[in-house]
Amino acid sequence: MKSNQTFIYGVFLGIIGVILFSSKAVMVKLAYKYHIDALSMLLLRMLIAFPFYIVIAYYCRKEGKQTSNRKDYLWLVFFGFVGYYLASYFDFVGLTYIKASLERIILFIYPTIVLLFNKWFLKKAITNKQKLAILITYIGIVVTFGSEVSISGNEAYLGGFFVLLSAITYASYLVGSGWLIPKFGVMRFTAYAMLVSCICVFIHFGIFSKVNIFNFPWQVYVLGLCIAVFATVIPSFLVSMSIKLINSSNFAVIAGIGPISTIVLAVIFLNERLTLLQVVGTLVVISGILLISKSKRK
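Computed from a predicted model, the values in this text were never measured in an experiment.

Calculation rules
Residues numbered from 1 in each chain as written. Predicted model: local features only at pLDDT ≥ 70, side-chain atom pairs only at ≥ 80, totals over all residues. Heavy atoms only, no water. Disulfide = S-S within 2.5 Å. Buried < 20%, exposed > 50% of the residue type's maximum accessible area, 1.4 Å probe, protein only. pLDDT = per-residue confidence, 0-100. Helix = DSSP H or I, 4+ residues; strand = E, 2+ residues; numbered from the N terminus. Expected span 1.5 Å × (residues − 1). Phe/Tyr/Trp six-rings, centres within 6.5 Å; stacked < 30°, edge-to-face > 60°. Axes fitted to C-alpha atoms, helices over the stretch in contact; angles between N-to-C directions. Parallel < 35°, antiparallel > 145°, perpendicular 65-115°, else oblique. Left-handed = near helix turned anticlockwise from the far one by under 90°. Contact = heavy atoms within 4.5 Å. Core = buried A, V, L, I, M, F, W, Y, C linked by side-chain atoms within 4.5 Å. Salt bridge = Lys/Arg side-chain N within 4 Å of Asp/Glu carboxyl O.

Structural notes on the state of the cysteines
Then comes step 1: Tallied over the full model, the rule gives zero disulfides.
Then comes step 2: Of all cysteine sulfurs, the one in Cys 198 lies closest to Cys 60, which takes part in no disulfide; the gap is 16 Å.
Then comes step 3: Owing to a relative accessible area of 17%, Cys 60 belongs among the buried residues under this scheme.
Then comes step 4: Unpaired in this structure, Cys 226 has its nearest cysteine sulfur neighbour in Cys 198, at a distance of 17 Å.

Structural notes on the confidence of the model for the protein chain
As a general rule, the predicted coordinates of low-pLDDT regions are not to be interpreted in detail.
Then comes step 1: Counting all residues, the mean pLDDT for the protein chain is 87, and 96% of those residues have values of 70 or more.
Then comes step 2: Across the protein chain, the element-wise mean pLDDT spans from 71 in helix α11 (residues 248–254) up to 95 in helix α2 (residues 38–59).

A short note on helix α12 (residues 257–269)
Then comes step 1: Look at α12: 18 Å from first C-alpha to last across 13 residues, which is about the 18 Å you get at 1.5 Å a residue.
Then comes step 2: All buried positions along α12 are accounted for by Gly 258, Pro 259, Ser 261, Thr 262, Ile 263, Leu 265 and Ala 266.
Then comes step 3: Following α12 by one or two positions, Asn 271 has its phi on the positive side, about 60 degrees.

Notes on the packing of aromatic side chains
Then comes step 1: If you walk through the whole model with that rule in mind, you get 20 aromatic pairs.
Then comes step 2: Ring centres of Trp 75 and Phe 78 lie 5.8 Å apart, and the angle between their planes is 85 degrees; this geometry places the pair in the edge-to-face category. Remark: Phe 78 and Trp 75 occur in helix α3 (residues 70–94); sequence separation between them is three residues, near one turn of the helix.
Then comes step 3: Here Tyr 89 and Phe 90 contribute two aromatic rings whose centre-to-centre distance is 6.3 Å and whose plane-to-plane angle is 50 degrees, an arrangement assigned as tilted.

Regarding the packing of helix α4 (residues 100–107) against helix α6 (residues 128–152)
Then comes step 1: Relative to each other, α4 and α6 sit at 155 degrees, their axes nearing to 11 Å. What the angle tells us is that α4 and α6 run roughly antiparallel. For the pair α4 and α6, the sense of crossing is left-handed. Within the contact between the two elements, α4 uses Leu 102, Ile 105 and Ile 106 and α6 uses Ile 141, Thr 144, Phe 145 and Glu 148.

Details of the nonpolar core
Then comes step 1: With 56 residues, the main nonpolar core has Tyr 32, Ile 36, Met 41 and Tyr 53 as its most contacted residues.
Then comes step 2: Listing elements by their share of this core, those giving two or more residues are α1 (2–32), α2, α3, α7 (155–177), α9 (186–208), α10 (218–246) and α12.
Then comes step 3: No other element matches the twelve residues that α9 contributes to this core.
Then comes step 4: When neighbours within four sequence positions are excluded, Met 41 is seen to be in contact with Ala 31, Tyr 32, Ile 36, Phe 92, Val 220, Leu 223, Gly 224 and Ile 227.

Points about the pattern of salt bridges
Then comes step 1: Evaluation of the coordinates by the stated rule reveals three salt bridges.
Then comes step 2: Residue Lys 24 pairs with Asp 91 through a salt bridge whose shortest N-O separation is 2.2 Å. Within this pair, whereas Lys 24 is found in helix α1, its partner Asp 91 is found in helix α3, the two being separated by 67 residues in sequence. One exposure class covers both Lys 24 and Asp 91, and it is buried.
Then comes step 3: A salt bridge links Lys 24 to Glu 103; its shortest N-O distance comes to 3.4 Å. Linking Lys 24 in helix α1 with Glu 103 in helix α4, this pair joins segments that are 79 residues apart in sequence.
Then comes step 4: By sharing partners, the salt bridges in this structure join Lys 24, Asp 91 and Glu 103 into a single network.

Right, here's the structure in full:
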């Protein structure tokens, strides 16, 4: 009975975490209505999240095997740069061109990229079921994205390209950092990597931007706070707790509600609409990813 309650609790935490993560794209698009650029919006997110991750890093400083050496820390900096800074920056830039719902659908294909990277770089075999799942997923992307180009024009290509780069960089982080995470522990590694990402954004903004960060409407700062706290820090905890309680394979199934929740939130808050063809494409993408999750679990 207790194990069932624990599982239900883990599922509940996972669902809330996924929905909160999914709200990020919607809040970013809301902020863009106030004419803030992608880099400034990312800076606000990181400025607010930075102290939270300092506290997390301090309290989790003893997590992991405590055998980390200088080389491990250099790899951590690299993965923080690629997996959180570059992935976040590409994502925010992509959102200036495409719908929040389409952004989430493209990002959702990262498990297929993980499989391909594992095949190319780590020589891990891809099963026939996984090959089928990859094919299904990309057919769904072509259907969804092709329909969007006919509506939004060539900007959809540019936005889709940046969001795809975000998915690729995040997938490379997942593939490359797997051996490193046990040395630090999940929360400690995540906190350190996020701090690296924050510093990269601060440097990027300081060198390339001339925008006065204190000159935006108050709504932008409220949205920045919400993105940092409710779409970054809190869901990262909820997802970690959920995975701990129900394991990563079961959580991968829950993650399937991510694109759906983003679409619902985008309809409510952004008045976005998907065509019937895009809805079909979305369901095809989700089916492909769930098939990959199922094959991994087996």
